[in-house]
Amino acid sequence: MEGNNKLTNLDALAARRAQTIVQMAVEVEKVAAKDLENLATKTLGVLQENGPYAMALFLASRSRDVDKKIAGVIQENLFSQEMLTALFGNGISLPASSSDGRLKFLANEVANDLNRLLLLKQVWEQTLIYVRYGAKARG
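Below: a short report on this structure. (Residues numbered from 1 in each chain as written. Predicted model: local features only at pLDDT ≥ 70, side-chain atom pairs only at ≥ 80, totals over all residues. Heavy atoms only, no water.)

**Quick look at the overall build of the chain**
Using the following cut-off: Here a strand is any run of E in DSSP of at least two residues, a helix any run of H or I of at least four, and the numbering for each starts at the N terminus. As defined in this context, the radius of gyration uses C-alpha atoms, and a globule is described by 2.2 Å times the residue total to the power 0.38. Exposed residues in this analysis have more than 50% of their type's maximum accessible area, buried residues have under 20%, and partly exposed residues fall in between, with area computed by a 1.4 Å probe over protein chains only. Here the open area of atoms and residues is found with the Shrake-Rupley method and a 1.4 Å probe, where only the protein chains shown may cover a residue. A positive count includes Lys and Arg, and a negative count includes Asp and Glu. His and the chain ends are not counted in either. Lys charges are placed at NZ, Arg charges at CZ, Asp charges at CG and Glu charges at CD.
Per the secondary structure count, the chain includes seven helices and two strands. Helices and strands appear in the chain in the N-to-C order β-β-α-α-α-α-α-α-α. Relative to the globule expectation of 14 Å for 139 residues, the C-alpha radius of gyration of the chain, 14 Å, shows essentially globular dimensions. In terms of its C-alpha atoms, the chain occupies a principal-axis envelope of roughly 40 × 30 × 25 Å. Burial status across the chain gives 43% buried among its 139 residues. In the structure as shown, the chain presents an accessible area of about 7300 Å², 46% of it carried by carbon and sulfur atoms. Side-chain charges in the chain split into 17 positive and 15 negative, and the spacing between the mean points of these groups amounts to 4 Å.

**What about the packing of aromatic side chains?**
Applicable threshold: Two aromatic rings from Phe, Tyr or Trp, using only the six-membered ring of Trp, form a pair when their centres are within 6.5 Å; if the ring planes differ by under 30 degrees the pair is stacked, by over 60 it is edge-to-face, and anything between is tilted.
A complete count under the given rule lists two aromatic pairs for this structure. Between Phe-79 and Phe-105 the ring centres are 6.4 Å apart and the planes differ by 75 degrees, which places this aromatic pair in the edge-to-face class. Of this pair, Phe-79 sits in the loop between α4 (65-78) and α5 (81-88) while Phe-105 sits in helix α6 (residues 99-110); the two residues are 26 residues apart in sequence, bridging distant segments of the chain. When the ring of Phe-79 is compared with that of Trp-124, the centres are 5.0 Å apart and the planes differ by 65 degrees; the resulting orientation is edge-to-face. Highlighted residues: Phe-79 in the loop between α4 and α5 and Trp-124 in helix α7 (residues 114-138), separated in sequence by 45 residues. Trp-124 carries the same exposure label as Phe-79, and that label is buried.

So this is what it looks like as structure tokens:
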């Protein structure tokens with residue numbers, strides 16, 4: 001979309017964020033690539049079937065320690081300033097970096113605008129697909 005009067009390649013953005021997720025999860029958080037692949041697959045399924053709000057709830061509800069680490073990395077990158085500014089421009093108010101802040105952002109800033117919702121869902125789907133394959137390649 002338009003950000004700073006230039007078009008953003010959203011596929012490249014999804015690829016960069018996916019690479020960062022895989023690197024952070026495997027190298028920084030020291031989780032197994034298979035665990036990352038599994039949670040990314042489940043997260044993608046929730047996103048596709050139920051939407052971004054349900055996906056954020058799903059990630060916030062993880063209870064296993066390894067899943068909490070992965071969920072944190074995924075959320076940090078999907079809700080990053082780079083991602084949200086590229087999608088919605090500088091006029092969007094960024095969410096607080098908490099589960100409640102992210103859920104409020106999705107409910108108030110995204111869900112009220114169908115175009116925003118569909119764009120966000122599409123780019124997040126692509127990002128999670130790249131995460132799955134990136135984790136598989138690492139495994």
